[in-house]
Amino acid sequence: MAAPLTSAEETVVASYSSDSDPERVGSTTGKKTSRVRFQVSRVAEDEAERRIVQTDSAMPGQPETDREPFLFLGVCAMAKKAKSKYMTEILARIGAEFEQIRTVIFDEQQILHAPVEEWPRCDALISFYSGNFPLDKAIQYAKLRNPFLINDLQMQYAIQDRRKVYEMLAAAGVDLPRYAVLDRECPDYSPASLEEFEDYIIVNGMQFQKPFVEKPICADDHNVYIYYPSSAGSGSQRLFRKIGTRSSVYSSESKVRLTGSYIYEEFMPTDGTDVKVYTVGPEYAHAEARKSPALDGVVERDKEGKELRFPIILNNIEKLISRRVCTAFQQTVCGFDLLRANGRSYVCDVNGFSFVKNSRIYYNDFAKILANLIMRRLAPELHIGWSMVLTQSNLN
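Attention here is on the structure that accompanies the text. Remember, it's a predicted structure, so these values are computed and weren't measured experimentally. (Residues numbered from 1 in each chain as written. Predicted model: local features only at pLDDT ≥ 70, side-chain atom pairs only at ≥ 80, totals over all residues. Heavy atoms only, no water.)

## Focus: a positive patch on the surface
Put simply, the rule is: Two joining distances apply to patches: 9 Å for like charges and 5 Å for nonpolar side chains (Val, Leu, Ile, Met, Phe, Trp, Tyr), and every residue must have over 30% relative accessible area and no salt bridge. A 1.4 Å probe and the Shrake-Rupley method give the accessible areas. Residues count as covered only by the protein chains that appear here. A carboxyl oxygen of Asp or Glu within 4 Å of a side-chain nitrogen of Lys or Arg is what we treat as a salt bridge. Under this rule, positive means Lys or Arg and negative means Asp or Glu; His and the chain ends count for nothing. Charged side chains are reduced to one point each, which is NZ for Lys, CZ for Arg, CG for Asp and CD for Glu. Each helix is a run of DSSP H or I of at least 4 residues and each strand a run of E of at least 2, with the numbering of both proceeding from the N terminus.
Residues Lys80, Lys81, Arg241 and Lys357 make up a contiguous surface patch of positive charge. Summarising the element assignment, Lys80 is placed in helix α3 (residues 79–82).

## Section: the pattern of salt bridges
Between side chains of opposite charge, pairing is possible as soon as their charged atoms come close. A full pass over the atoms with the stated rule returns 10 salt bridges. Linking Arg163 and Asp183 is a salt bridge whose minimum nitrogen-to-oxygen distance equals 2.6 Å. Of this pair, Arg163 sits in helix α8 (residues 162–171) while Asp183 sits in the loop between β7 (179–182) and β8 (194–196), and the two are 20 residues apart along the sequence.

## Remarks on unusual backbone geometry
The criterion, for reference: Note on classification: 1.4 Å probe, protein chains only; a residue is buried when its accessible area is under 20% of the maximum for its type, exposed when over 50%, partly exposed between these limits.
Between Lys210 and the following residue, Pro211, the backbone shows a cis peptide bond with an omega angle of 5 degrees. Here Pro211 is to be found in the loop between β10 (206–209) and β11 (212–216). One non-glycine residue, Asn132, lies in the positive phi region at around 75 degrees. In this structure Asn132 comes out as exposed when scored by relative accessible area, which is 68%. A positive phi angle, near 55 degrees, is found at Gln330, a position not held by glycine. Structurally, Gln330 can be placed in the loop between α9 (316–328) and β19 (333–341).

## Describing the nonpolar core
Quick note on the threshold: The set of buried Ala, Val, Leu, Ile, Met, Phe, Trp, Tyr and Cys residues whose side-chain atoms join them within 4.5 Å is what this entry labels a nonpolar core. Note on definitions: a residue-residue contact is assigned when non-hydrogen atoms from the two residues lie within 4.5 Å.
Judged by nonpolar contacts, the single largest core of 36 residues is most densely connected at Tyr362, Phe366 and Ile374. For this core, the secondary-structure elements that each account for two or more residues are β3 (71–76), α4 (85–97), β4 (101–105), β5 (124–127), β16 (273–280) and α10 (360–382). Element by element, the count of residues in this core is highest for α10, at 10 residues. With residues near it in sequence (within four places) discarded, Tyr362 still touches Tyr278, Val280, Tyr284, His286, Ser354, Phe355 and Val356. With 30 residues, the next largest nonpolar core counts Val174, Ala289, Ala341 and Val347 among its residues.

Right, dumping it as structure tokens:
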């Protein structure tokens, strides 16, 4: 069961109202941002791009003697992420709307090979793990320079371990599928910890009827299997990272894997869709539904080749779940997966820093919320003047 609401969360529930604006379906915020689209003119976009500093040219490694009336927002991530279309869209909006913020994109080669003492200085830092990113060095840099962290770095180690993710979700009062951990690397592990039968398994004394889900403990391993009962033809559906038009394949193999460590969990019967949620702070969540990869493994794509997704409205409990996930993992920008089943909502995965693809409204909201957060935190101590971008609640 989900934990009871705190007094602060009761206030959040009371403040939420249904958003009937079709342009904003799928996005929710405690302080409604203006419904007027933030249109960045070509001139403004050019000016914003000039404010994005590349570390191999204009950004010095040493602080200035006389500080200019602006602050530096560092982006420390692998180049594929830091210079992606989605990041560029957001940084351009921040630069156009908030002239006090200069963006510094750390050079990938510098991240990988230079000591952190040579990395550029910044006042606020966006940094997140992806393949080959040296998270330990980013943590060293944060300790050395003490920037305002958008996403906590140490917590990103926890996100890479599905055991820790589930433990933290449970502690935060978030509903999870019923599950058990089979850790073959644990000193107390015994082959007797797993008993397998035709239509069910027993893991550490807990019984799971087929269908059930088998997930590797390592969150970077996306080879998730779903095992079917004999009444449904047996076999298993094998999920993996999308490859072309496929996200899973059927296998006639009905036996669970005998090497490696896994989480086994109850299969949640949804309506054939998964819900992807993206937070920008505890009071904002954008949600989209997609076809579940467990159906037939065929990825539905639009004419541009992007996976088809549909904006949806979260209910009040799901908004509180978003708040709790964002807060528990200390990730301002955080993606996670929801399963709607049996009239309830369950979190089955936390992904950390994640973007919505191709949503101008999301980019607008993201830029305003993040920049306001940075300015509210740093402008007073750096003696930088600024005015908060008005939200809908300010205008009413």
